[in-house]
Amino acid sequence: ITVPAPTHTNRQAVLNNDKIAEKVAEWVDKHGYRQAGITIKMLSKELGINRTYLSNFINEMYGTNFNGWINELRVKEAKKKMCESPELSLSEVADFVGFADSAHFSKQFKQNEGVSPSVWRKNKTRDKEK
């Protein structure tokens, strides 16, 4: 079996994906996802990446669409914040990670974690006491 040598366009696609990955990773490291109301259009403009390329990259890299990806990042950050700052209300946590309101935060959290943020926090607190 012979494998065709990568064509120029394949190499270019790999290079483009590497550049996109680098820019996206840097944006995530800077907690850009905490910006309330962020859209793929806004992010593509901020990173200087074609919206369709960015969308395809997120779909392929993270196995979800833009909104799902942002929500996963926010929920992960919310879990970290709840552990670090247990005195914060869930509303403050939701606001800190970029959710527009507590109801949306709770819905997304439960979708990602299988339990509500309050149940998750209660379980974490109980686990720490053991």
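Everything numeric here is computed off the predicted structure, so don't read it as measured data. (Residues numbered from 1 in each chain as written. Predicted model: local features only at pLDDT ≥ 70, side-chain atom pairs only at ≥ 80, totals over all residues. Heavy atoms only, no water.)

Secondary structure assignment for the protein chain yields seven helices and zero strands. The secondary structure elements of the protein chain, listed N-terminal to C-terminal, are α-α-α-α-α-α-α. When burial is assessed residue by residue, the protein chain has 32% of its 130 residues classed as buried. Considering only intrachain contacts with a sequence separation of at least 6, the fraction spanning at least 24 residues in the protein chain is 57%. When the accessible surface of the protein chain is split by element, carbon and sulfur atoms take 52% of a total near 8,600 Å². (Helix = DSSP H or I, 4+ residues; strand = E, 2+ residues; numbered from the N terminus. Buried < 20%, exposed > 50% of the residue type's maximum accessible area, 1.4 Å probe, protein only. Contact = heavy atoms within 4.5 Å. Areas by Shrake-Rupley, 256 points an atom, 1.4 Å probe, with all protein chains shown as cover.)

Contact geometry of helix H4 (residues 66–84) with helix H6 (residues 102–113) gives a least axis separation of 10 Å together with a crossing angle of 95 degrees. Judged by the inter-axis angle, H4 sits roughly perpendicular to H6. In this structure, H4 contributes Asn71, Glu72, Val75, Ala78, Lys79 and Met82 to the contact, and H6 contributes His104, Phe105, Gln108, Phe109, Asn112 and Glu113. Considering only residue class, the contact of H4 with H6 consists of five nonpolar, four polar and three charged. (Axes fitted to C-alpha atoms, helices over the stretch in contact; angles between N-to-C directions. Parallel < 35°, antiparallel > 145°, perpendicular 65-115°, else oblique. Nonpolar A, V, L, I, M, F, W, Y, C, P; charged D, E, K, R; others polar.)

All right, on to the nonpolar core then. Within the largest apolar cluster, 17 residues are counted, with the highest numbers of intra-cluster contacts made by Val24, Trp27, Leu43, Leu54, Phe66 and Trp69. Going through the elements one at a time, helix H1 (8–29), helix H2 (40–47), helix H3 (51–62) and H4 are the ones with two or more residues in this core. Ignoring sequence-local partners within four residues, the contact set of Leu43 consists of Trp27, Ile38, Leu54, Phe66 and Trp69. Grouped together as the second largest cluster of nonpolar side chains are eleven residues, Ala78, Phe99, Phe109 and Trp120 included. (Core = buried A, V, L, I, M, F, W, Y, C linked by side-chain atoms within 4.5 Å.)

The tally for this structure, following the rule as stated, stands at seven aromatic pairs. Taking the centre distance of 6.4 Å and the plane angle of 80 degrees together, the rings of Phe57 and Tyr62 count as edge-to-face. Under the relative-accessibility criterion, Phe57 is labelled buried at 5%. Overall, Tyr62 belongs to the partly exposed group, its relative accessible area being 35%. Their ring planes at 70 degrees and their centres at 5.7 Å tell us that Phe105 and Phe109 sit as a pair that is edge-to-face. Note that Phe105 and Phe109 are positioned in helix H6 at a spacing of four residues, about one turn of the helix. Following the ring pairs from residue to residue traces out a cluster consisting of Trp27, Phe57, Tyr62, Phe66 and Trp69. Across from the ring centre of Phe99, 5.5 Å away, lies the NZ or CZ of Arg74, which sits over that ring. (Phe/Tyr/Trp six-rings, centres within 6.5 Å; stacked < 30°, edge-to-face > 60°. Lys NZ or Arg CZ within 6 Å of the ring centre and 35° of its normal.)

Counting through the fold element by element, Asn71 comes out in helix H4. Judged by relative accessible area, which is 8%, Asn71 ranks as buried. Not counting chain neighbours up to four residues away, the residues in contact with Asn71 comprise Phe99, His104, Gln108 and Asn112.

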